[in-house]
Amino acid sequence: MGSYRMCMCFTRKFRITEAEPPIDVKEAFAKYAERGTHMTAEQLQRFLVEVQGDGKGDGGACVADAEKLLEQVLKSRHHIAKFTRHTLTLDDFHHYLFNPDLNRPINDKVHHDMKAPLSNYFIYTGHNSYLTGNQLSSDCSDRPIIKALQRGVRAVELDIWPNSTKDDVNVLHGRTLTTPVELLKCLRSIKENAFSASPYPVIITLEDHLTPDLQAKVAKMITDTFGDMLFCPQCECLQEFPSPDDLKYKIIISTKPPKEYLKAKSKDTKNNSDEDEWGKEPSDLTADQEDEDKSDSDSSEYNDVDDQECPSEASDYRRLIAIHARKPKGGLKEALKVEANKVRRLSLSEQSLEKATESHGTDVVRFTQKNVLRIYPKGTRFNSSNYKPLVGWMHGAQMVAFNMQGYGRALWLMHGMFRSNGGCGYVKKPDFLMNVGPNDRVFDPREKLPAKKTLRVKVYMGDGWHLDFKQTHFDLYSPPDFYCRVGIAGVRADQIMKKTKTKEDNWTPVWGEEFKFPLTVPELALLRVEVHEYDMSEKDDFAGQTCLPVSELKTGIRAVPLFDRKGEKLRSVRLLMRFDFV
């Protein structure tokens, strides 16, 4: 029982009651319990196979699985160690379906082929991974690195600079007011946390602003810190990247080979406007058509002099570099050239990528079939905001680098993509991005395609807000008025958002609405779900979100947990939804 004070003169009472199971749940129970009041393990197994699709493939649900699940449901619902009955009532059945721990919306195991070269995978990648906040004045720390690794991020970026006395190395965002952190501290934190969320390799991309003697010092630091964990290739240039499986529990260094040191030139920068507090719609996140910001840490301070003799102090440093990053002279066409006997990494800013895809889209796809392409945010994103990740992914870019502290809709898409494949940080690229057809033809993202399949989504109901939020969080005087936005992020033709009706004065909204989404490229589609609370006089309140890879969705009736703006899972808030492909 709760209450709201109205007009300072009387109190409005309300009772939070559990909503009834939706009609589809009641009908499923009646059908599979054969019109009885209890469902046996055998009957539950039939439901799992026929409605939930758990019978597909080799790992289909058997009666033993159903018995184990039934026991878990009874234990979680009734908190009793031993049971006299081994059947489910309708309420037990509904409780199971609405429990995200027992009825997940996506596969939580690694199930992609992990034996292909690294270039065949999208890799969970951070940008300026050491920053705690904005790009200009926030603290540098190892804490964001630890957090990213624990979330499953597999590529972290460190900008390394000489300290003030030029005898040691700091990590900081150069030519800004960011306070430095020692490189050694960052390396040790990476070692301790690298494989806390995933056994697959961690790539450290170094933006190197060091003299040869300090490069030698860094080589010793890296070798002493990581030891046998370090992957050091036998040859100077790899002809093909090893696979994630080959590199389990390994640390990989990626940077430009040592070159002649040049003094940096600072450049004035200007601020950009603030955005909506949870970010613009991904379709609105267009890159400015300006020249690449040369003050960005990703631009080189060195002459491209690969043919020059490497200073002897830096030769140990050079040997540690497993993925060579290069900025070839010449235009974009030259930069995207695929070399027969060597692989490399190329970095492009988000604007450079957009320009490249306008004129050389298929060249970008062809380049990424063998080489690694890293995309980084434009230099004017001082507030650590992010950009549209789909542009990079649909052209095969493996390392779409994001500001992991730049909370908002773009980052929610990144979180969604890397929920794929058990959250291990490596997602196998769809075959169409790797295939080469007649006349050396590759996938062209600009081509208009027919719909391959249609995703049907039903939003039944939501619950848990009354447990996670104060009674007055959404509205001082009455229960909340929730509505749900559901849609697709993906290639341009597939992008859309729809919304349910608003359910007034209800902590447990029941919508029961169905939506259909035709998909031309389902392999890259992400299902977006947001819940908001309607506010007549002010901006609607945010009440939770999630983003799920369409290719990983489990069909049938599923419990979908929601997350806060920062991508942290809300303790109790979840939706009951149904997914089918038609």
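Residues numbered from 1 in each chain as written. Predicted model: local features only at pLDDT ≥ 70, side-chain atom pairs only at ≥ 80, totals over all residues. Heavy atoms only, no water.

A. Helix α10 (residues 350-368), seen in detail. Here α10 spans only 16 Å end to end across 19 residues, well under the 27 Å set by a 1.5 Å rise per residue. Largest kink in α10: about 110°, centred on His 360. Of all 19 residues that make up α10, 14 are buried, and the element is covered over most of its length. (Helix = DSSP H or I, 4+ residues; strand = E, 2+ residues; numbered from the N terminus. Expected span 1.5 Å × (residues − 1). Bend = angle between axes of the 7 residues up to and from the residue. Buried < 20%, exposed > 50% of the residue type's maximum accessible area, 1.4 Å probe, protein only.)

B. Highlighting the pairing of strand β4 (residues 155-162). The element β4 is largely enclosed, with a buried count of eight among its eight residues. Taking every second residue as pointing to the same face, both faces of β4 are buried, with Ala 155, Glu 157, Asp 159 and Trp 161 on one and Val 156, Leu 158, Ile 160 and Pro 162 on the other. Direction of pairing for β4 relative to strand β7 (residues 202-208): parallel, over a ladder of six bridges. Pairing of Ala 155 across the sheet is with Ile 203, part of β7. Summarising the sheet, β4 and strand β5 (residues 169-171) pair through three bridges and their orientation is antiparallel. Bridge pairing links Trp 161 to Asn 170 in β5. The hairpin turn running from β4 into β5, its antiparallel successor, is six residues long, and Lys 166 in that turn takes a positive phi close to 65°. (Pairing = 2+ DSSP bridges.)

C. Region of interest: the packing of helix α5 (residues 143-151) against helix α6 (residues 183-193). Here α5 crosses α6 at 20°, and the two axes come no closer than 9 Å. Put simply, α5 runs roughly parallel to α6. Helix-helix and strand crossings are classified by hand; for α5 and α6 the assignment is right-handed. For the pair α5 and α6, the contacting residues are Ile 145, Ile 146, Leu 149 and Gln 150 in the first and Cys 186, Ser 189, Ile 190 and Asn 193 in the second. (Axes fitted to C-alpha atoms, helices over the stretch in contact; angles between N-to-C directions. Parallel < 35°, antiparallel > 145°, perpendicular 65-115°, else oblique. Left-handed = near helix turned anticlockwise from the far one by under 90°. Contact = heavy atoms within 4.5 Å.)

D. Local environment of the packing of aromatic side chains. In the structure shown here, the tally under the stated rule is 17 aromatic pairs. Between Phe 469 and Phe 474, the aromatic rings sit 5.1 Å apart at their centres with planes inclined by 50°, giving tilted as the arrangement. The burial state of Phe 469 is the same as that of Phe 474; both residues are buried. Ring pairing ties together the aromatic residues Phe 29, Tyr 32, Phe 47, Phe 93 and Tyr 96, which thus form one cluster. Note that Arg 419 overlies the ring of Phe 563, its terminal NZ or CZ placed 4.2 Å from the centroid. The residue whose ring lies beneath Lys 499 is Tyr 483, and the NZ or CZ to ring-centre distance is 4.1 Å. (Phe/Tyr/Trp six-rings, centres within 6.5 Å; stacked < 30°, edge-to-face > 60°. Lys NZ or Arg CZ within 6 Å of the ring centre and 35° of its normal.)

E. Representation of the sheet that holds strand β12 (residues 399-400) in the model. The strand order across the open sheet formed by three strands is β10-β11-β12, and the pairing between neighbours is parallel. Two strands lie at the open edges of the sheet, namely β10 (345-349) and β12, each paired on one side alone. Examined bridge by bridge, strand β11 (residues 372-376) and β12 share two bridges and lie parallel to one another. Bridge assignment links Ile 375 to a residue of β12, and that residue is Val 400.

F. Structural view of the sheet that holds strand β9 (residues 321-324). Spatially, six strands are ordered β6-β5-β4-β7-β8-β9 in an open sheet, and the strand pairing comes out mixed. A strand with exactly one partner marks an edge of an open sheet, and here the two such strands are β6 (181-182) and β9. Relative to β9, strand β8 (residues 251-255) runs parallel, the two being bridged by three bridges. Of the residues in β9, the one forming a bridge with Ser 254 is Ile 323. Its contacts with the sheet place helix α7 (residues 212-226) against β4, β5, β7 and β8, and it is angled at close to 165° to β7.

G. Fine view of the packing of helix α1 (residues 23-32) against helix α4 (residues 90-97). Their axes nearest at 10 Å, the elements α1 and α4 cross at an angle of 120°. It follows from the interaxial angle that α1 and α4 lie oblique. Taken as a pair, α1 and α4 cross one another with a handedness that is right-handed. Contacts from Val 25, Lys 26, Ala 28 and Phe 29 in α1 reach Leu 90, Phe 93, His 94 and Leu 97 in α4. Along the lines of polarity and charge, the residues of the contact of α1 with α4 split into six nonpolar, one polar and one charged. (Nonpolar A, V, L, I, M, F, W, Y, C, P; charged D, E, K, R; others polar.)

H. Structural view of the pattern of salt bridges. Summed over the entire model, instances satisfying the criterion amount to 28 salt bridges. With its nearest N and O atoms 2.9 Å apart, the salt bridge here joins Lys 115 to Asp 245. Here Asp 245 lies in the loop between α7 and β8 and Lys 115 lies in the loop between α4 and β3 (121-123), a separation of 130 residues in the sequence. In this structure Lys 115 comes out as exposed when scored by relative accessible area, which is 63%. We classify Asp 245 as partly exposed; its relative accessible area is 24%. In this structure, Glu 568 and Lys 147 form a salt bridge, with 3.8 Å as the shortest nitrogen-oxygen distance. Of this pair, Glu 568 sits in the loop between β20 (556-563) and β21 (569-581) while Lys 147 sits in helix α5, and the two are 421 residues apart along the sequence. Among the residues examined, Glu 568 registers a relative accessible area of 35% and is labelled partly exposed. What emerges from the salt-bridge pattern is a single network uniting Lys 333, Asp 363, Arg 366 and Asp 440. (Salt bridge = Lys/Arg side-chain N within 4 Å of Asp/Glu carboxyl O.)

I. The arrangement of α6 in detail. All of the buried residues along α6 are Leu 183, Cys 186, Leu 187, Ser 189, Ile 190 and Asn 193. Viewed along the axis of α6, the buried residues span an arc of 165°, placing them on a single side of the element. (Arc of directions from axis to C-beta.)

J. Structural view of the side chain of Thr 368. Tracing the chain through its elements places Thr 368 in helix α10. Of the polar contacts made by the side chain of Thr 368, one reaches the backbone oxygen of Val 365; its length is 2.8 Å. Excluding residues that lie within four positions of it along the chain, Thr 368 makes contacts with Ser 119, Leu 373, His 395, Gly 396, Ala 397, Gln 398 and Lys 429. (Polar contact = N/O pair within 3.5 Å; in protein donor to acceptor, adjacent residues only side chain to side chain.)

K. How the structure looks around the pairing of strand β14 (residues 453-463). Here β14 lies mainly inside the structure; nine of its eleven residues are buried. The sheet contact formed by β14 and strand β17 (residues 510-519) spans eight bridges and is antiparallel. Its bridge partner lying in β17, Lys 458 is registered against Glu 514. Pairing of β14 with β21, which is carried by eight bridges, proceeds in the antiparallel orientation. Paired with Asp 463 across the bridge in β21 is Arg 574.

Honestly, it's all geometry; don't read function into it.
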